[in-house]
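Results of the structural survey
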Amino acid sequence: MALRAFLITVFVAAAIAPALATNYMVGDDAGWKVGVNYTAWAEGKEFRVGDTLMFMYKSGSHNVMKVNGPDFQKCASSNATAPPPLTSGNDLITLSSPGRKWYICTFADHCTKGMKLVITVSAAEGPSPTPMPGWAAPPSGNSAPVKSPH
Ligand SMILES: *[C@@H]1O[C@H](CO)[C@@H](O)[C@H](O)[C@H]1NC(C)=O
Ligand SMILES: *[C@@H]1O[C@H](CO)[C@@H](O)[C@H](O)[C@H]1NC(C)=O
Ligand SMILES: [Cu+2]
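Think of each chain on its own: its residues are numbered from 1, step by step along the sequence as written. Chain labels run from A onward and ligand labels from 1 onward, assigned in the order the entries are written. In view of the model being predicted, local features appear only for residues whose pLDDT reaches at least 70, and side-chain atom pairs are presented and counted only at 80 or more, with totals across whole chains, interfaces and linings using the full set of residues. To obtain the side-chain values, all non-hydrogen atoms of the structure were included, while hydrogens and water were left out.

What follows deals with the coordination of the copper ion (ligand 3). When a metal holds four donors in a tetrahedron, each ideal angle between them is 109.5 degrees; when it holds six in an octahedron, the ideal angles are 90 or 180 degrees. Protein coordination at the copper ion (ligand 3) comes from His62 (ND1), Cys105 (SG), His110 (ND1) and Met115 (SD), with a distance range of 2.0 to 2.5 Å. Metal-centred angles of 86 to 134° between the four donor atoms at the copper ion (ligand 3) mark the site as tetrahedral. In the primary sequence, the donor residues of the copper ion (ligand 3) line up as H-x42-C-x4-H-x4-M. In this pair, His62 is assigned in the loop between β3 (52–56) and β4 (65–67) and Met115 in the loop between β6 (99–104) and β7 (116–122), connecting sequence segments 53 residues apart. Working definition: with a 1.4 Å probe on protein chains only, accessible area under 20% of the residue-type maximum means buried, over 50% means exposed, and in between means partly exposed. A relative accessible area of 0% means that Met115 is categorised as buried. Note on donors: an N, O or S atom is included if it sits within 2.8 Å of the metal, or within 3.2 Å for Na, K and Ca, and water is never included, so sites can look incomplete. Irregular is the label for any site that misses the other tests, which are tetrahedral for four donors with all angles between 85 and 135 degrees, and square planar for four donors or octahedral for six when opposite donors exceed 155 degrees and the remaining angles lie between 65 and 115. Helix and strand assignments come from DSSP, with helices taken as H or I runs of at least 4 residues and strands as E runs of at least 2, each series counted from the N terminus.

What follows concerns the site of ligand 2. Here, proximity means that at least one heavy atom of the residue falls within 4 Å of the molecule or strand. Around ligand 2, the neighbouring residues are Asn68, Asn79, Thr81, Ala82 and Pro83. Within the contact set of ligand 2, an oxygen atom lies 2.4 Å away from a side-chain nitrogen or oxygen of Asn79. Each residue receives one of three labels: charged for Asp, Glu, Lys and Arg, nonpolar for Ala, Val, Leu, Ile, Met, Phe, Trp, Tyr, Cys and Pro, and polar for the others, Gly being one of them. Tallied by class, the residues present in the shell around ligand 2 amount to two nonpolar, three polar and no charged. Pairs of N or O atoms are called polar contacts if they sit within 3.5 Å, as long as, within protein, a hydrogen donor faces a hydrogen acceptor (for residues adjacent in sequence, only side-chain-to-side-chain pairs).

Here we come to the sheet that holds strand β5 (residues 90–94). In this scheme, strands are said to pair when DSSP sees at least two bridges between them. Ordered by their spatial adjacency, three strands build an open sheet running β1-β3-β5, and the pairing between neighbours is mixed. Of all strands in the sheet, those bounded by a partner on one side alone are β1 (23–25) and β5. In this sheet, adjacent strand axes meet at a mean angle of 20° when their direction is disregarded. Here three bridges tie β1 to β3, and the two strands are oriented parallel to one another. Here the axes come from fitting lines to C-alpha atoms, over the contacting stretch only for helices, and the angles between their N-to-C directions go from 0 to 180 degrees.

What follows covers the packing of aromatic side chains. Remark: the centre distance and the inter-plane angle together describe each pair of aromatic rings, the angle taken between the planes. The pairing test for Phe, Tyr and Trp rings, Trp by its six-membered ring, is centres within 6.5 Å, and the orientation test on the planes gives stacked under 30 degrees, edge-to-face over 60, and tilted for anything in between. This model, assessed by the stated rule, comprises six aromatic pairs. On the basis of an interplanar angle of 80° and a centroid distance of 4.8 Å, the ring pair of Trp32 and Phe55 is categorised as edge-to-face. In this pair, Trp32 sits in the loop between β1 and α2 (38–42) while Phe55 sits in strand β3, placing the two residues 23 residues apart along the sequence. Of the two residues examined, Trp32 and Phe55, each falls in the buried class. Between Trp41 and Phe47 the ring centres are 6.0 Å apart and the planes differ by 45°, which places this aromatic pair in the tilted class. Classification of Trp41 by relative accessible area gives buried; the value is 6%. With a relative accessible area of 2%, Phe47 lands in the buried category. An aromatic cluster of three or more residues is present, and its members are Trp32, Tyr38, Phe55 and Tyr103. Cation placement over rings: the criterion is NZ of Lys or CZ of Arg within 6 Å of the ring centroid and within 35° of the ring normal. Sitting over the ring of Phe72, Lys116 keeps its end group 4.6 Å from the ring centre.

Given below as C-alpha cells:
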C-alpha cells in the first residue's frame, strides 16, 4: 500500500500547497455590472501571471474590452488594432504578462458609471507550475541510499 499512501500524500499536498494560479471572479457574486466599485474589489488582491479573471454578466447587456491607460481614464476604446471586446457573458482572461491591465465595458455610459477595472499583475512566484514529480515513478519507500554490492 506504499504507492497508494504516496498518491494520497501527493493529493493532500497539492490541495494544501499554495495555489499555483488563482481564478478571480470579477466583482465576486455581483459579477460584472453597473453599480459595483471594481477599484474597491481589486484592492488588496495580488494578481500574478497565470492567474485568471472571470467576467460574469448577462450576454448582450455588457462586454469586456481591454484598453490602455489613457482610454481607461476617458472610458474610450480608441485603439483600432485592439481585438474586439469579449461578449460571451462568461469571459475568462488569463493574465499572461506582468504590468498594469485595464478593462472596461463599452456599453453606453457603463464605464463612466463604474464598469472599469484596473489591476497590476506581477510576475509569477513560487514553485514553477510544472507537473508534480512522482506520478510516473513513485519512490521505493526506502529512504536510505541503496548500496550496490561490490
Ligand atoms: C471606489 O473604491 C475606491 C477604493 O476603496 C475609492 O477610493 C473610490 O472613491 C470608490 N469610488 C466610488 C465611485 O465610490
Ligand atoms: C492596441 O492594441 C494592440 C493589440 O492588442 C496592442 O498590441 C497595442 O499595444 C495597443 N496600442 C495601444 C496604444 O494601446
Ligand atoms: Cu456594461
